[in-house]
Amino acid sequence: MRKDVRILLVGEPKVGKTSLIMTLVSEEFPAVVPYRAEEITIPADVTPERVPTHIVDYSEAEQTDEQLYQEISKANVICIVYSVNNKKSIEKVTSHWIPLINERTDKDSRVPLILVGNKSDLVEHSSMETVLPIMNKYTEIETCVECSAKNLKNISELFYYAQKAVLHPTGPLYCPEKKEMRSACVRALTRVFKVSDLDNDGILNDYELTFFQRTCFNTPLAPQALEDVKNVVRKNLTDGVCDNGLTLKGFLFLHTLFIQRGRHETTWAVLRRFGYDDDLELHQDYLFPPLKIPPDCTTELNHNAYLFLQSVFDKHDKDRDCALSPEELMDLFDVFPFVPWGLDVNSTVCTNDQGWITYQGYLSQWTLTTYLDVQRCLEYLGYLGYSIIAEQESQASAIIVTRDKKLDLQKKQTQRNVFRCHVFGITGSGKTGFLQGFLGRNLVRQRTIKEEHKSYYAISTAHVYGQEKYLLLHEIFPDFDFLSETELSCDIVCLIYDVSNPCSFEYCARIFKQYFMDSKTPCMLVAAKSDLPETKQQYRMTPLEFCRKHKMPPPQTYTCNTAAAPSKDIFIKLTTMAVYPHITHADLKSSMFWLRASVGATVCAVLGFAMYRALLKSR
Ligand code: GDP
Ligand code: MG
């Protein structure tokens, strides 16, 4: 909303402009007034809409035309004042004032006008009949009002209408010529409806309407009011109410009614609550709430955000097969201005037999977006109405910014849930097969993925001592000379060679020695394509000797050329090493490490059992 409002009063001399302003301020009719009142500013807390409001007078006797034009261009709303007992002053509204103002304002951003008939105390009849045709002719006229400075009639109303015309303009919402809501407004309200339709059945039931009312207006809706609203819709539309709830059609009708009855501030309140600005675009402040991410920290979703995303998934998984069909996915993205996920997402996360993103895959993709591009995650959550539905301050409250990784390493423990693994290897060494294998796809299945839908990322979960962690695999393009800082920073490095290609190990050795030998990042060597006959690697050491020398775990064999889904063991190992990097770097034999890790698991299990027994006893 605007930060202040500037109201200008114009009109013929002696119609009562100055008197209106002075009456508003002093609450009594002044016997004598100057030609022109000083500009006054009404502080925010005494105005109905709580914005500072400047009121500016005009006097032909004291001001030049140039000064008038300047004031017109500065004004947010202009009151054209006439005197109800003075025909000529009414005529001048159309013959002089409206053209004069319109010449000075942009056709697309016409300043709203208010017709003010003053001195209503002097006549018996109303001037409305004369004024209504003018109102119909000029759509920039927001409203008209008759008042009397002398009798203090409608004075504060006049300024309230003026304020409202600026703060809650009808222009963007409604087309007076067609007598219907504009398409942008319909679009925005449709999104509001879809977000508020928590079970996605196309109807706002009593629970959803009550929630909607509370989020938009901060007041509960009396049961009777709820019925009244539905009855109004029922009376006017055949399919506005269905199963005792409001349909989209009914919802849109209700807002058209609000606007037509001059209660468009209601519609604005709804739109603003759902993040829209005066142009009916989602506000940047709404989509991108401030969030500070210090270096060496990563971003994850918190429990609340996962619950919200789960509810979004559930409401769109209509057939309850725990996967989103292309139609279900399109329906989910209906509240977005664009489709955010391309088909490459299907090869980044787990899908079902039909290739549809599963519940697990859906959460993984959100985790990926949060980790790699948190701004985009905030934006997407904004489209879904996270802050509204989850009743949070902003999308930023969905994000956990983890502590500095250096601190984690120092304290030898981490609260993080997402770990990043960079996969190195020459072209054809089996990196993509490895990534896809993590998603449960064997070689046969992988061949069905189209080239243009391939992904350099794969993300899914792996259990580490009973805790679910996300492992994000990132395939690094084998360009030895240009490894950027981001390509090198990860939680674990995976070096892949092809057992059937004698030239493939040398690259791994080179990458390790140049970049990771002296780093704190744990490394794992993977002997891919282990289903093929092994050939001797052209290097002065065997891979096993290399691992021993550099205190790495021995090469892990891997194949995705399996009948069923490839084994997940290696990914659990990788995740474990990523979660507990210090263990790897302790001067331990590799076999000892795994022993230790499993001892840790047993300790946990025993402890868990002991606690369970203690609980049983206390019953
Ligand atoms: P301006 O030139 O438009 O600023 O008009 P003024 O405020 O100077 O008022 C012109 C004259 O109309 C003054 O004598 C006022 O006292 C008188 N006047 C202003 N408002 C009213 C009103 O509501 N009723 C009556 N009866 N007289 C008014
Ligand atoms: Mg005056």
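Fair warning: this is a prediction, and the values are worked out from it, not measured in the lab. (Residues numbered from 1 in each chain as written. Chains lettered and ligands numbered in written order. Predicted model: local features only at pLDDT ≥ 70, side-chain atom pairs only at ≥ 80, totals over all residues. Heavy atoms only, no water.)

1. Examining the overall build of the chain
Counting its secondary structure elements, the chain contains 25 helices and 21 strands. Sorting the 619 residues of the chain into buried and exposed places 50% on the buried side. Of the contacts formed within the chain by residues at least 6 apart in sequence, a portion of 70% connects residues at least 24 apart. Surface exposure of the chain reaches about 30800 Å², of which carbon and sulfur atoms provide 53%. Averaging the positions of the 69 positive and the 77 negative side-chain charges in the chain gives two centres separated by 7 Å. (Helix = DSSP H or I, 4+ residues; strand = E, 2+ residues; numbered from the N terminus. Buried < 20%, exposed > 50% of the residue type's maximum accessible area, 1.4 Å probe, protein only. Contact = heavy atoms within 4.5 Å. Areas by Shrake-Rupley, 256 points an atom, 1.4 Å probe, with all protein chains shown as cover. Lys, Arg positive; Asp, Glu negative; His and termini not counted. Charge placed at Lys NZ, Arg CZ, Asp CG, Glu CD.)

2. A few points about the site of ligand 1
Taken together, 17 residues form the shell around ligand 1, and within it Lys14, Thr18, Ser19, Asp121 and Ala149 come nearest. Between ligand 1 and Lys119, the relevant distance is 3.0 Å, taken from an oxygen atom to a side-chain nitrogen or oxygen of the residue. In isolation ligand 1 exposes 570 Å². Once the protein is present, 84% of that is buried. In terms of residue count, helix H1 (residues 17-26) provides more of the shell around ligand 1 than any other element does, three residues in total. Class assignment of the residues belonging to the shell around ligand 1 gives a composition of six nonpolar, five polar and six charged. (Near = heavy atom within 4 Å. Polar contact = N/O pair within 3.5 Å; in protein donor to acceptor, adjacent residues only side chain to side chain. Nonpolar A, V, L, I, M, F, W, Y, C, P; charged D, E, K, R; others polar.)

3. As for the coordination of the magnesium ion (ligand 2)
Protein coordination at the magnesium ion (ligand 2) comes from Thr18 (OG1) and Tyr35 (O), with a distance range of 2.0 Å. Residue Thr18 is found in helix H1, and its partner Tyr35 is found in the loop between H1 and strand E2 (40-42); the two are separated by 17 residues along the sequence. Taking the relative accessible area as the measure of exposure, Tyr35 reaches 53% and is therefore exposed. (Donors = N, O, S within 2.8 Å, 3.2 Å for Na, K, Ca; no water.)

4. Here we look at the nonpolar core
With 73 residues, the main nonpolar core has Tyr362 and Trp366 as its most contacted residues. In this view, Trp366 contacts Leu301, Leu309, Trp341, Cys377, Tyr380, Leu381 and Leu384; residues no more than four positions away in its chain are not counted. Val145, Cys147, Ala162 and Val166 belong to the second-largest nonpolar core, a separate cluster that totals 27 residues. (Core = buried A, V, L, I, M, F, W, Y, C linked by side-chain atoms within 4.5 Å.)

5. Focus on the confidence of the model for the chain
Interpretation of this model should avoid reading the predicted coordinates in detail wherever pLDDT is low. Residues of the chain with pLDDT of at least 70 account for 93%, and the chain-wide mean is 91. Averaged pLDDT values for the elements of the chain fall to 43 in helix H25 (residues 590-618) and rise to 98 in helix H15 (residues 374-383). Segment residues 585-619: pLDDT under 50, and 16 contacts once partners within four positions in sequence are set aside and those in other chains are kept. (pLDDT = per-residue confidence, 0-100.)

6. A word on the packing of aromatic side chains
Under the definition given, this model contains 30 aromatic pairs. The interplanar angle of 75° and the centroid separation of 6.0 Å between the aromatic rings of Tyr58 and Trp97 together place this pair among those described as edge-to-face. In this pair, Tyr58 sits in the loop between strand E3 (53-56) and helix H2 (65-74) while Trp97 sits in helix H3 (residues 87-103), placing the two residues 39 residues apart along the sequence. With relative accessibility at 5%, the residue Tyr58 sits in the buried group. (Phe/Tyr/Trp six-rings, centres within 6.5 Å; stacked < 30°, edge-to-face > 60°.)

7. Focus: the pairing of strand E4 (residues 77-83)
Buried residues dominate E4, accounting for seven of its seven residues. The alternating pattern of E4 places Val77, Cys79, Val81 and Ser83 and Ile78, Ile80 and Tyr82 on opposite faces, both of which are buried. Across five bridges, the pairing between strand E1 (residues 5-11) and E4 is parallel. Bridge pairing links Val10 to Ile80 in E4. Where E4 meets strand E5 (residues 113-118), six bridges bridge the pair, whose relative direction is parallel. By the bridge assignment, Ser83 is partnered in E5 with Asn118. (Pairing = 2+ DSSP bridges.)

8. With respect to the sheet that holds strand E20 (residues 523-528)
Ordered by their spatial adjacency, six strands build an open sheet running E17-E18-E16-E19-E20-E21, and the pairing between neighbours is mixed. Since the sheet does not close on itself, it has two edges, and those belong to strand E17 (457-464) and strand E21 (556-558), each with one partner. On average, each strand axis in the sheet is tilted by 30° relative to the strand beside it, whichever way the strands run. Where strand E19 (residues 492-498) meets E20, six bridges bridge the pair, whose relative direction is parallel. When the sheet's bridge partners are listed, Leu495 is paired in E20 with Leu525. Sheet contacts for helix H18 (residues 431-438): strand E16 (418-424), E17, strand E18 (467-475), E19, E20 and E21; angle to E18, the most-contacted strand, approximately 155°. (Axes fitted to C-alpha atoms, helices over the stretch in contact; angles between N-to-C directions.)

9. Brief notes about the pattern of salt bridges
For the structure shown, the criterion picks out 24 salt bridges. One salt bridge in this structure joins Lys529 and Asp498, with 3.2 Å as the shortest N-O distance. In this pair, Lys529 is assigned in the loop between E20 and helix H22 (543-549) and Asp498 in strand E19, connecting sequence segments 31 residues apart. Here Lys529 falls in the partly exposed class, since its relative accessible area comes to 27%. Under the relative-accessibility criterion, Asp498 is labelled buried at 5%. Each of Arg6, Glu39, Glu71 and Lys74 takes part in salt bridges that share partners, so that together they form one network. (Salt bridge = Lys/Arg side-chain N within 4 Å of Asp/Glu carboxyl O.)

10. A closer look at unusual backbone geometry
Of note, the phi angle at Asn244 is positive, near 60°, even though the residue is not glycine. As for its placement among the helices and strands, Asn244 is situated in the loop between strand E10 (241-242) and strand E11 (245-247). Under the relative-accessibility criterion, Asn244 is labelled partly exposed at 36%. Residues other than glycine seldom take positive phi values, yet Arg320 does so here, at roughly 55°.

11. Some thoughts on the sheet that holds E3
Reading across from one edge, E2-E3-E1-E4-E5-E6 is the order of the six strands in this open sheet, with mixed pairing throughout. The open sheet terminates on both sides in strands that have one partner only, identified here as E2 and strand E6 (141-146). Within this sheet the neighbouring strands show an average axis-to-axis angle of 20°, counted without direction. Strand direction decides the pairing type here: E5 and E6, joined by five bridges, are parallel. By the bridge assignment for E6, Leu115 is matched with Cys144. Strands in contact with H1 are E1, E2, E3, E4 and E5; relative to E1, the strand with the most contacts, it is inclined by about 140°. Its contacts with the sheet put helix H5 (residues 155-167) on E1, E3, E4, E5 and E6, and the angle it makes with E1 is roughly 125°.

12. Quick look at the packing of H18 against helix H23 (residues 569-579)
Packing of H18 against H23 leaves a shortest axis separation of 9 Å and a crossing angle of 90°. The orientation of H18 with respect to H23, classified from their angle, is roughly perpendicular. The residues of H23 that touch H18, namely those facing Phe434, Gly437 and Phe438, are Ile570, Phe571 and Leu574. A class-by-class count of the residues in the contact of H18 with H23 yields five nonpolar, one polar and no charged. (Parallel < 35°, antiparallel > 145°, perpendicular 65-115°, else oblique.)

13. Details of helix H9 (residues 248-260)
Its 13 residues give H9 an end-to-end C-alpha distance of 18 Å, which sits within 8% of 18 Å, the value for a rise of 1.5 Å per residue. When H9 is considered as a whole, its buried residues turn out to be Gly250, Phe251, Leu252, Phe253, Leu254, His255, Thr256, Leu257 and Ile259. (Expected span 1.5 Å × (residues − 1).)

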